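# Chain and residue survey
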Amino acid sequence: MNLRKRLKKWGGEIVHRLRRVKPPADRAVDAPEFHALGPGDIAIDCGANLGLIARIMGANGAEVHAFEPNPDAFAVLQKNTRHLPGVHCHQQAVLDAPGQMTLYLHLNYARDPMRFASGSSLIADKRNVDDRRGVEVEVIDLVAFIAALDRPVKLMKVDIEGAEYALLNAMIDRGVMDRVERIFVETHAHAAPSLREADTKLRARVAELGLGDKIDLNWI
């Protein structure tokens, strides 16, 4: 762990002791489109965390596939959505190929797992994760998953802590963008130096292909 990460961890522990902050799930940004889903619609929640958005998506009868690889967060996700039969929980990370990967945990994860679960990432140089501490998780090829669905996806939320660039580029490359009506993305180039170039290139690509109305890269 480099010095910057050590200082961030110590600072986080001090802040945590001095004041209680609501878990990120309680501060999640809502959108009217999440509430507009209903019977017959398919939605995908990538990085579902504790299930706030998945619950909204599934409240009116939509079929929702909620993907969350963090085991602690996944247990809560299942509990929070068990009253919604249309919400299907998958303990998997999403990318463009299946396999096993390390999910790196937040620097202050041990202090409060539920508060810091949303910071877990497949990207080791993300500034707020401990690159020496992680869990092995299953990764699904989400592009193939979308292609195999029996109907198009009405809405997709992507909050996967830096892996969004590889996923979205693969969706374009492999021709499944026409099977998703709208995508809300939280980008994380600010949190990992290695992602800055990928962010610039993806934004240019989305603009060049005229996908700006479909892919919201400024959701949060």
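Residues numbered from 1 in each chain as written. Predicted model: local features only at pLDDT ≥ 70, side-chain atom pairs only at ≥ 80, totals over all residues. Heavy atoms only, no water.

Further remarks concern helix α8 (residues 196-208). With 13 residues, α8 extends 19 Å from end C-alpha to end C-alpha; this agrees with the ideal 18 Å at 1.5 Å per step. Buried residues of α8: D199, L202 and V206, and no others. All buried residues of α8 project into a common sector of 70° when viewed along the axis, lining one side. Residues of α8 that are exposed and point over 90 degrees away from its buried face: E197, T200, K201, A207 and E208. For α8, the elements touching its buried residues are α7 (164-173) and β9 (215-216). Following α8 by one or two positions, G210 has its phi on the positive side, about 70°. (Helix = DSSP H or I, 4+ residues; strand = E, 2+ residues; numbered from the N terminus. Expected span 1.5 Å × (residues − 1). Buried < 20%, exposed > 50% of the residue type's maximum accessible area, 1.4 Å probe, protein only. Arc of directions from axis to C-beta. Contact = heavy atoms within 4.5 Å.)

Right, let's get into the confidence of the model for the chain. Averaged over every residue, the pLDDT of the chain is 90; residues scoring 70 or more account for 87%. Counting interchain partners and residues more than four positions distant, the pLDDT-below-50 stretch residues 12-27 has 19 contacts. (pLDDT = per-residue confidence, 0-100.)

Before going further, it helps to examine the nonpolar core. Residues I44, L142, I146, M156, L167, M171 and I183 are the most contacted members of the largest nonpolar core, which totals 42 residues. When contributions to this core are tallied by element, the ones reaching two or more residues are β1 (42-46), β4 (93-95), β6 (129-141), α6 (142-148), β7 (155-158), α7, β8 (183-185) and α8. In terms of residues, this core owes the most to one element, α7, which gives six residues. Setting aside residues no more than four positions away along its own chain, L142 makes contact with I44, C46, F67, V94, L95, M156 and L167. Counting residues in each nonpolar core, the second largest holds 19 residues, with F34, I53, V64 and L155 among its members. (Core = buried A, V, L, I, M, F, W, Y, C linked by side-chain atoms within 4.5 Å.)

As a further point, take the sheet that holds β8. What the six strands build is an open sheet, ordered β3-β2-β1-β7-β8-β9; its pairing is parallel. Edge strands, defined here as strands with exactly one partner in the open sheet, are β3 (87-90) and β9. Where strand β2 (residues 63-67) and β3 come together, four bridges link them in parallel fashion. From the neighbouring strand, F67 faces β3, where its bridge partner is H90. (Pairing = 2+ DSSP bridges.)

Before going further, it helps to examine the pattern of salt bridges. Taken as a whole, this structure holds 11 salt bridges when the rule is applied. Note that E33 is salt-bridged to R182, the shortest N-O span being 3.3 Å. With E33 in helix α2 (residues 32-35) and R182 in the loop between α7 and β8, the pair connects residues that are 149 residues apart, well separated along the chain. Residue E33 is classed as partly exposed on the basis of its relative accessible area, which comes to 31%. The exposure class of R182 is partly exposed, given its relative accessible area of 23%. One salt bridge connects R203 with D199, and the closest N-O pair in it is separated by 2.8 Å. Of this pair, R203 and D199 both sit in helix α8, four residues apart, which is roughly one turn of that helix. R203 gets classed as partly exposed once you look at its relative accessible area, which sits at 29%. (Salt bridge = Lys/Arg side-chain N within 4 Å of Asp/Glu carboxyl O.)

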